[in-house]
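Chain residues, written in single-letter form:
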Amino acid sequence: QVHLVESGGGLVQAGGSLRLSCRASGVNFKLHPVDWYRQVPGSQREMVATIDSSGRADYAESVKGRFAISRDNVWTTSHLQMNSLKVDDTGVYYCHIKRAGYDFWGRGTQVTVSS
């Protein structure tokens, strides 16, 4: 019922930038927080950024000052602007929304940062 589709990943050199997008459907988007997570092999999936229904954002310490999350409620889309990328930012990035007590995830988009 709820569908989340990420896009914008790719290969970038350290110090570069990428802009990820998450398009949501099947949910009253404007009522819910949107989260971005990332995961690398051998590690837990970790939250990197979240934005609530009022546009208030929070970030993991490792990305503060480099990443910026936003949302567009008209187009039911969240963006994650990633600047000054580091090799350690490499991973699969996922969009997440919780609705009616259930967690919904996109399929992810790969971000690879080369040295």
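Residues numbered from 1 in each chain as written. Predicted model: local features only at pLDDT ≥ 70, side-chain atom pairs only at ≥ 80, totals over all residues. Heavy atoms only, no water.

Q: Help me understand the state of the cysteines in this model?
A: Note: disulfide means a covalent bond formed between the sulfur atoms of two cysteine side chains. Evaluated as defined, the whole model comprises one disulfide. With a sulfur-sulfur separation of 2.0 Å, cysteine 22 is cross-linked through a disulfide to cysteine 95. Across the S-S bond linking cysteine 22 and cysteine 95, the dihedral sits near -75°, which makes this disulfide left-handed. Residue cysteine 22 is located in strand β3 (residues 18-25), and its partner cysteine 95 is located in strand β9 (residues 91-99); the two are separated by 73 residues in the primary sequence. (Disulfide = S-S within 2.5 Å. Helix = DSSP H or I, 4+ residues; strand = E, 2+ residues; numbered from the N terminus.)

Q: How do you make sense of the side chain of aspartate 35 when you look at a structure like this?
A: Topologically, aspartate 35 is positioned in strand β4 (residues 34-39). Among buried charged residues, aspartate 35 stands out as having no salt bridge; its nearest opposite-charge side chain is lysine 98, 7.8 Å away. At a separation of 2.5 Å, a polar atom in the side chain of aspartate 35 contacts the side chain of threonine 50. A polar side-chain atom of aspartate 35 sits 2.7 Å from a polar atom in the side chain of histidine 96. When neighbours within four sequence positions are excluded, aspartate 35 is seen to be in contact with Met47, Ala49, Thr50, Tyr94, Cys95 and His96. (Buried < 20%, exposed > 50% of the residue type's maximum accessible area, 1.4 Å probe, protein only. Lys, Arg positive; Asp, Glu negative; His and termini not counted. Salt bridge = Lys/Arg side-chain N within 4 Å of Asp/Glu carboxyl O. Polar contact = N/O pair within 3.5 Å; in protein donor to acceptor, adjacent residues only side chain to side chain. Contact = heavy atoms within 4.5 Å.)

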